[in-house]
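# Geometric and topological summary
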Amino acid sequence: MFCFQKLLIMTFVSFLLTTSVSIADERYNPIDDVVVSKECGTCHMAFQPQMLPERSWEEIMLRLSDHFGEDASLDSVTANRIKLYLTSNAADSSWWGGKFMRGLKDHMSPLRITETPHWIREHNEEVPSWAWNDPSVKSKASCIACHPRANRGDYDDD
Amino acid sequence: MKTLNKTNVITAVVLLIGGLSPNLASANSARDTIISGFSSVAELPVSAERGKALFESSPAAGKPDTPSCTTCHGASPMTSGMTRAGKPIEPMAVSVTAERFTDLKKVQKWFRRNCKSVLGRECTAQEKGDFLTFMSSR
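Residues numbered from 1 in each chain as written. Chains lettered and ligands numbered in written order. Predicted model: local features only at pLDDT ≥ 70, side-chain atom pairs only at ≥ 80, totals over all residues. Heavy atoms only, no water.

What follows deals with the overall build of chain B. Check the secondary structure of chain B and you find 5 helices and 2 strands. Of the regular secondary structure in chain B, the N- to C-terminal order runs α-α-α-β-β-α-α. Counted over contacts in chain B with a minimum sequence separation of 6, partners at least 24 positions apart contribute 57%. For chain B, the exposed surface amounts to about 7900 Å²; the carbon and sulfur share of it is 62%. (Helix = DSSP H or I, 4+ residues; strand = E, 2+ residues; numbered from the N terminus. Contact = heavy atoms within 4.5 Å. Areas by Shrake-Rupley, 256 points an atom, 1.4 Å probe, with all protein chains shown as cover.)

Written as structure tokens, this is what we have:
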């Protein structure tokens, strides 16, 4: 009986451990919509929608004609399809809230993933400033320069 | 053995050309149709010279980060460019990238976006026809 209890406790503890480890993983669902992958992935990597809240994606899709200094306008059918995909898979689309909601105040609608508290926390602690100046990095939007499987939503390599 | 190798090479080349040329021909005809569409409503006959001048100009009349075509596409149409976010852009010269300018929707989309980003306005049919004529000649 005692042994059984011990086993139960050990099982519970190991369950807790594996769960917290899996929460620490930087994995996101890969984009599974061909239109989204193509249209959002021509000039930069197509970023996984779980990295911004719904309100941010709505704002971005409203301003495509001035998209971070370039005209990225789309026909309305394509734009609506992309907006629906991004908002329904956003960081706050699940009831438990994604990692990118951490530290994000209700009034904050960041337009850049690099402005979210989670991104800043993850990169400020680990990435030295010289790494950003490496010519192969080009831009902070170039996730793939340091995360070779970023396209597949896998940032778990540091 | 040597003859066999030679025969193999010739067969491979013939197969390659045979396999490619219908695609090339249809790409060329799709592009020609697009260019004639622009030239039919342009004031002057389309000109590769004017297209070259447009490509090399620096109007700086659109968005501050993109003063000219060459900002992202690079100084020569024969070589790759790079987006501001670090993604490569295939060369625009048709001799290098054969499938360039063969999809009207795509052509219109990128002229709309990039003319607004660089010139601050949409390009005219004349400018589009000139530009594509230049890229087709390279």
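The partner chain A presents 19 residues to the 15 residues of chain B that form the contact. Across the chain B/chain A interface, buried area totals approximately 1400 Å², and carbon plus sulfur atoms make up 46% of it. Three residues, Lys63(B), Ala85(B) and Arg113(B), lead the burial of chain B against chain A; their summed loss comes to 34% of the area buried on that side. Measuring nitrogen to oxygen at the nearest pair gives 3.8 Å for the salt bridge that ties Lys63(B) to Asp66(A). For the side of chain B that touches chain A, the element with the most residues is helix H4 (residues 104–119) of chain B, which contributes 6 residues. (Buried area = accessible area lost by both parts, 1.4 Å probe. Salt bridge = Lys/Arg side-chain N within 4 Å of Asp/Glu carboxyl O.)

A full pass over the atoms with the stated rule returns 1 disulfide over all chains. For Cys115(B), the disulfide goes to Cys123(B), at an S-S distance of 2.0 Å. Around the S-S axis, the bridge from Cys115(B) to Cys123(B) shows a dihedral of about -95° and counts as left-handed. Taking relative accessible area as the criterion, Cys115(B) reaches 6% and is therefore assigned buried. Cys123(B) gets classed as buried once you look at its relative accessible area, which sits at 10%. Among the cysteines around Cys143(A), which has no disulfide bond, Cys146(A) carries the closest sulfur, lying 9.2 Å off. On the basis of relative accessibility, which here comes to 15%, the residue Cys143(A) falls in the buried class. (Disulfide = S-S within 2.5 Å. Buried < 20%, exposed > 50% of the residue type's maximum accessible area, 1.4 Å probe, protein only.)

What follows covers the nonpolar core. Within the largest apolar cluster, 27 residues are counted, with the highest numbers of intra-cluster contacts made by Ile82(A), Phe100(A), Ile113(A) and Tyr155(A). Secondary structure elements with two or more residues in this core: helix H2 (34–40), helix H3 (54–62) and helix H4 (76–88) of chain A. With 4 residues, H4(A) is the single largest residue contributor to this core. With residues near it in sequence (within four places) discarded, Ile82(A) still touches Val35(A), Val36(A), Glu39(A), Cys40(A), Met61(A) and Leu74(A). Of all hydrophobic cores here, the second largest spans 18 residues; its members include Ile34(B), Phe55(B), Cys69(B) and Cys115(B). (Core = buried A, V, L, I, M, F, W, Y, C linked by side-chain atoms within 4.5 Å.)

What follows covers the packing of H3(A) against H4(A). What describes two packed helices is the angle between their axes and the distance between those same axes. Residues and elements named next belong to chain A. Two numbers describe how H3 lies on H4: the axes approach to 9 Å, and their chain directions differ by 165°. As judged from the angle between their axes, H3 and H4 are roughly antiparallel. Seen from above, H3 lies across H4 with right-handed handedness. Residue-level contacts link Glu54, Trp57, Glu58 and Met61 of H3 to Ala79, Ile82, Lys83, Leu86 and Thr87 of H4. In terms of residue class, the contact of H3 with H4 is built from 5 nonpolar, 1 polar and 3 charged. (Axes fitted to C-alpha atoms, helices over the stretch in contact; angles between N-to-C directions. Parallel < 35°, antiparallel > 145°, perpendicular 65-115°, else oblique. Left-handed = near helix turned anticlockwise from the far one by under 90°. Nonpolar A, V, L, I, M, F, W, Y, C, P; charged D, E, K, R; others polar.)

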